[in-house]
Amino acid sequence: MPMPNPRRDRWLALALLVAVLGLAYLLLVHPWFTQPLLAINEDVAALRERQQRVQAQLQQQPQIEQRLKETRQVLEQRPGFLREATAEAAAAALGARLQDAVAMASPGNRSCTISNRTPLTDNRRDAEFVRVAMQVRLRCGVAELATVLHSLETGSPRLFVDNLNLIAQRFQQSANESGLGLDVSFELAGYLLPGAAADGAAAVPGTAVAPPEAAAPAEPAVDAAAEADADTDAGEGAE
């Protein structure tokens, strides 16, 4: 019968004790105490980092406000945006700009005249810039039309001509017209400064309201009557 080895038995007992303690730690201590404490430490560290970022941003508030003020001043000096504070005022300015361009291209409206202009509503949602536009219809000679479009697109503030349609005109529709030229329709649009519609009194962002001069009565009806008379005269001449 082999003799027991006390030293080996002590080491074996110690190893078993360590294994039992490790197993007890993994099953009882770690999931119930250590792991929640580690998660709390991570949350505390994340909150401290967030607090430091917030404090750094708060310290930069005066510099950010100054830069924002400078940026707004630069935008106000740029010719790209309409200077009016509301969409209503901007629509009225569009009508006045169109009238000036037509009057400059054709004094007395003999070779170029405005037959119709209708405000358009900007139906875009979450648009960064408010678009103010109107549907325009002109009867112009070729040279006068080129002058009008050049004046509108190269002036200040910046305007845009979209959806341009040209139809040849072969008859006289009023006593002041020569009867030669083009029947032209297009969209004339501009953009307000960022936040201008929100800062204006009683402003509705993204909506272009009819200017006072655009509501002149009976002008489209006169045009329709003139076109009907012209068609009748053309038919009688053909017969």
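Being a predicted model, the structure only gives us computed values, none of them experimental.

Draft legend 1. Inspection of the overall build of the protein at higher detail. Along the backbone of the protein there are six helices and four strands. Reading the protein from its N terminus to its C terminus gives the helix and strand order α-α-α-β-β-α-β-β-α-α. Within the protein, the fraction of its 239 residues that count as buried is 27%. Here the contacts in the protein between residues at least 6 apart in sequence split such that 72% fall between residues at least 24 apart. Accessible surface, the protein as shown: approximately 16300 Å² in total, 58% of it carbon and sulfur.

Draft legend 2. Spotlight on a nonpolar patch on the surface. On the surface, Leu 23, Tyr 25, Leu 26, Leu 27, Leu 28, Val 29, Trp 32 and Phe 33 cluster together into a nonpolar patch covering about 890 Å² of accessible area. Residue classification places Leu 28 among the exposed residues on the basis of a relative accessible area of 54%.

Draft legend 3. The arrangement of the pattern of salt bridges in detail. For the coordinates displayed, the defined rule picks out four salt bridges. With its nearest N and O atoms 3.6 Å apart, the salt bridge here joins Glu 49 to Arg 53. Pair noted here: Glu 49 and Arg 53 are both in helix H1 (residues 6-59), with a separation of four residues, about one helical turn. A relative accessible area of 46% means that Arg 53 is categorised as partly exposed. Here Arg 131 and Glu 187 are joined by a salt bridge, their closest N and O atoms 3.3 Å apart. In this pair, Arg 131 is assigned in strand E2 (residues 131-140) and Glu 187 in strand E4 (residues 181-191), connecting sequence segments 56 residues apart. When sorted by exposure, Arg 131 lands in the same class as Glu 187, which is buried. Connected via shared salt-bridge partners are Arg 131, Asp 162 and Glu 187.

Draft legend 4. Summary view of the sheet that holds strand E1 (residues 112-120). Within the open sheet, the four strands sit side by side as E1-E2-E4-E3. Their pairing is antiparallel. The sheet is open, and its two edges are formed by E1 and strand E3 (160-169), each paired on a single side. Averaged over all pairs of adjacent strands, the angle between their axes in this sheet comes to 15°, without regard to strand direction. Here eight bridges tie E1 to E2, and the two strands are oriented antiparallel to one another. By the bridge assignment for E2, Thr 118 is matched with Gln 135. Packing of helix H3 (residues 87-105) onto the sheet brings it into contact with E1, E2 and E4, and relative to E2 it is tilted by some 25°.

Draft legend 5. Quick look at the confidence of the model for the protein. Of the residues in the protein, 74% reach a pLDDT of 70 or more, and the chain-wide mean stands at 77. Across the protein, the element-wise mean pLDDT spans from 42 in helix H6 (residues 219-238) up to 92 in E2. For residues 200-239, every residue scores under 50 in pLDDT, and the model assigns this stretch 42 contacts once sequence neighbours within four places are set aside.

Draft legend 6. Quick look at unusual backbone geometry. Note the cis peptide between Ser 156 and Pro 157, where omega equals 0°. With respect to the helices, strands and loops of the structure, Pro 157 is situated in the loop between helix H4 (142-154) and E3. Of note, the phi angle at Asn 163 is positive, near 50°, even though the residue is not glycine. Here Asn 163 falls in the exposed class, since its relative accessible area comes to 52%.

Draft legend 7. Looking closely at the nonpolar core. By size, the foremost hydrophobic cluster in this structure holds 28 residues, and its most contacted members are Leu 98, Val 132, Leu 138, Val 148, Leu 152, Phe 186 and Leu 188. Elements that contribute at least two residues to this core include exactly H3, E1, E2, H4 and E4. Per-element tally for this core: the top contributor is H3, with eight residues. Contacts of Val 148, omitting those with residues within four sequence positions, involve Ala 101, Val 102, Ala 105, Cys 112 and Leu 138.

Conventions used here
- Residues numbered from 1 in each chain as written.
- Predicted model: local features only at pLDDT ≥ 70, side-chain atom pairs only at ≥ 80, totals over all residues.
- Heavy atoms only, no water.
- Helix = DSSP H or I, 4+ residues; strand = E, 2+ residues; numbered from the N terminus.
- Buried < 20%, exposed > 50% of the residue type's maximum accessible area, 1.4 Å probe, protein only.
- Contact = heavy atoms within 4.5 Å.
- Areas by Shrake-Rupley, 256 points an atom, 1.4 Å probe, with all protein chains shown as cover.
- Patch = residues over 30% accessible without salt bridge, like charges linked within 9 Å, V, L, I, M, F, W, Y side chains within 5 Å.
- Salt bridge = Lys/Arg side-chain N within 4 Å of Asp/Glu carboxyl O.
- Pairing = 2+ DSSP bridges.
- Axes fitted to C-alpha atoms, helices over the stretch in contact; angles between N-to-C directions.
- pLDDT = per-residue confidence, 0-100.
- Core = buried A, V, L, I, M, F, W, Y, C linked by side-chain atoms within 4.5 Å.

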